[in-house]
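# Close look at the chain arrangement
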Amino acid sequence: MSLKGKTAIVTGSNSGIGLGVARELARAGADVVLNSFTDNSEDHALADGIAAEFGVSARYIRADMSRGAECRALIEQAGRCDILVNNAGIQHVAPIEDFPTDKWDAIVAINMSSAFHTTAAALPMMRAAGWGRVVNIASAHGLTASPYKSAYVTAKHGVVGLTKTAALETAQEPITVNAICPGYVLTPLVEAQIPDTMEKYQMSREDVIEQVMLERQPSREFATVEQIGGTAVFLCSDAATQITGTTISVDGGWTAL
Ligand code: NAD
């Protein structure tokens, strides 16, 4: 499978799943655009590292995915977008009545609305190029719920809805739109939830991982960023040409329960 000559833009990709997906797309030959809201030398060094390791072109472009205009500007600045991976995301955990409004707004903007803006900007480029793939990183929480994650669950269900709608709008074109729904992947986003959960349940780190997080995941193993990246590469392959408007779970059986 070669993605040589394709340009992939991965939002929120200086860490975790986004970086893992960008690396797997580059391994398959795609030129990649990394993104986050920071503009540190480390961010640009990540792109340089991918370029050197995989022999592709790699750039870092700063854009804040909580702002619609910046989402669209990211795509315009990249200049080409054959593969769009909407991955940027944050989390906040609180009961609905205590959920801070600013956190709700940020989660809905970054985890959901950003995908609307980037997709709107990318589809004309994909049409002009005669080929396109949109891969939305949703979540098992795009298909099921957990208490205290109202904004996240709402946004991820919204991403699945956007995926289906965009797939129908492009169904007769050489463009597909799908969502990957990971279960737990041990990234900084998940690491950040461990201390609070330890305190809440008075548990050790190991017990939080085993009894709270992986309790939902029948395989009892975290999924890896390489597995999510490999699934994205598959969705960009010729074999996936008739796969559109659907979700692919990479969750160790979570949503089979
Ligand atoms: P992470 O914290 O490692 O990565 C999140 C990325 O989003 C980072 O690169 C961060 O810089 C970026 N980001 C955050 N706010 C941004 C903003 N305003 N503008 C641009 N970029 C921004 O977390 P992760 O676990 O790799 O999460 C990546 C995606 O995968 C998220 O959408 C998350 O919901 C989803 N996901 C994660 C898991 C998991 O278990 N880790 C499971 C299912 C889905």
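Residues numbered from 1 in each chain as written. Predicted model: local features only at pLDDT ≥ 70, side-chain atom pairs only at ≥ 80, totals over all residues. Heavy atoms only, no water.

### Looking at the side chain of Thr7
We apply this condition: In this text, helices come from DSSP runs of H or I with a minimum length of four residues, and strands from runs of E with a minimum of two, each type numbered from the N-terminal end. Note on contacts: a residue pair is in contact if any heavy atoms of the two residues lie within 4.5 Å.
Turning to its location among the elements, Thr7 is positioned in strand β1 (residues 7–10). When near neighbours in sequence (up to four residues on either side) are disregarded, Thr7 contacts Asp31, Val33, Arg80, Cys81, Asp82 and Ile83.

### Overview of the site of the ligand
What counts here: Whether a residue is near a molecule or strand is decided by its heavy atoms; if any one of them lies within 4 Å of it, the residue is near. For this analysis, a polar contact is any N or O atom pair within 3.5 Å, provided that within protein one partner can donate a hydrogen and the other can accept it, and provided that sequence-adjacent residues contribute only side-chain to side-chain pairs. Method for areas: the Shrake-Rupley scheme with a 1.4 Å probe, in which residue coverage is limited to the protein chains shown. For this scheme, ten residues count as nonpolar: Ala, Val, Leu, Ile, Met, Phe, Trp, Tyr, Cys and Pro. Four count as charged, namely Asp, Glu, Lys and Arg, and the remainder, Gly too, count as polar. Source of the domain bounds: an automatic or database domain assignment.
Surveying the vicinity of the ligand reveals 31 residues, the closest of which are Asn14, Ser15, Ser36, Tyr152 and Thr187. At 2.6 Å from an oxygen atom of the ligand is found a side-chain nitrogen or oxygen belonging to Ser15. One nitrogen or oxygen atom from the side chain of Lys156 is found 2.9 Å from an oxygen atom belonging to the ligand. Here the ligand loses 93% of its free accessible area of 820 Å² to cover by the protein chains. Secondary-structure elements contributing two or more residues to the shell around the ligand are α1 (16–27), β2 (31–36), α5 (150–169) and α6 (188–191). The residue inventory of the shell around the ligand, partitioned by class, reads 16 nonpolar, 13 polar and two charged. Looking at which domains feed residues into the shell around the ligand, each of domain 1 (7–185 + 224–248) and domain 2 (186–222) supplies at least three.

### A look at the nonpolar core
Quick reminder of the rule: Residues enter a nonpolar core if they are buried and are Ala, Val, Leu, Ile, Met, Phe, Trp, Tyr or Cys, with the set joined through side-chain atoms within 4.5 Å. Buried, partly exposed and exposed residues are distinguished by accessible area as a fraction of the type maximum, computed with a 1.4 Å probe on protein chains only: under 20%, between the cut-offs, and over 50%, respectively.
Ranked by internal contacts, the top residues of the largest apolar core, which has 34 residues, are Leu25, Ile50, Ile83, Val85, Ile180 and Ile228. Of all the secondary-structure elements, those providing two or more residues to this core are β1, α1, β2, α2 (41–54), β3 (58–62), β4 (83–86), β5 (132–137) and α9 (225–235). Among the elements that take part in this core, α1 stands out by supplying six residues, more than any other. Setting aside its immediate chain neighbours within four residues, Ile83 contacts Leu3, Lys6, Thr7, Ala8, Ile9, Leu25, Met126, Trp131, Arg133 and Cys236. With 23 residues, the next largest nonpolar core counts Ala63, Cys71, Ala121 and Met125 among its residues.

### Things to note about the sheet that holds β1
Strands in a sheet are paired, the pairing made by backbone hydrogen bonds, and the direction either parallel or antiparallel. Rules: The pairing criterion is simple: DSSP has to find at least two bridges between the two strands. A fitted line through C-alpha atoms represents every axis, and for helices the fit uses only the stretch in contact; the resulting angles, taken between N-to-C directions, go from 0 to 180 degrees.
Strand order in this open sheet of seven strands is β3-β2-β1-β4-β5-β6-β7, and the pairing throughout is parallel. On the outer flanks of this sheet lie β3 and β7 (247–250), each paired with one strand and no other. On average, adjacent strands in this sheet sit at an angle of 20° to one another, irrespective of strand direction. Contacts from helix α4 (residues 101–129) reach β4, β5 and β6 (175–182) within the one sheet, and its direction differs from that of β4 by about 175°. Set on the sheet, α5 makes contact with β5, β6 and β7; between it and β6 the angle comes to about 160°.

### A few points about the pairing of β5
As a reminder, the rule being used: A clockwise course of the path from the first strand over the helix to the second, judged with the strands pointing away from the viewer, identifies a crossover as right-handed.
Counting buried residues in β5 gives six out of six residues, a clear majority hidden from the surface. Going residue by residue along β5, you find Gly132, Val134 and Asn136 tucked away on one face and Arg133, Val135 and Ile137 tucked away on the opposite face as well. Bridge analysis of β4 against β5 gives four bridges, and the strand direction is parallel. Looking at the pairing, Asn86 lines up with Asn136 of β5. For the crossover from β4 across α4 to β5, the handedness is right-handed. Bridging between β5 and β6 involves six bridges; their strand directions are parallel. Pairing of Asn136 across the sheet is with Ala179, part of β6. In this region the chain leaves β5, passes through α5 and returns to the parallel neighbour β6; the handedness of that crossover is right-handed.

### Structural notes on the domain arrangement of the chain
To keep it simple, the criterion reads: Throughout, buried area stands for the accessible area (probe radius 1.4 Å) lost by two parts on being put together, summed over both.
Domain annotation for the chain reports domain 1 (7–185 + 224–248) and domain 2 (186–222). Taken over C-alpha atoms, the centre of domain 1 sits 25 Å from the centre of domain 2. Taken together, the contact between domain 1 and domain 2 spans 17 residues of the former and eleven residues of the latter. Summed over both sides, the interface between domain 1 and domain 2 buries roughly 1,000 Å², with carbon and sulfur atoms accounting for 56% of that surface. The three residues of domain 1 that bury the most area against domain 2 are Gln91, Tyr184 and Val185, which together make up 55% of that side's buried surface.

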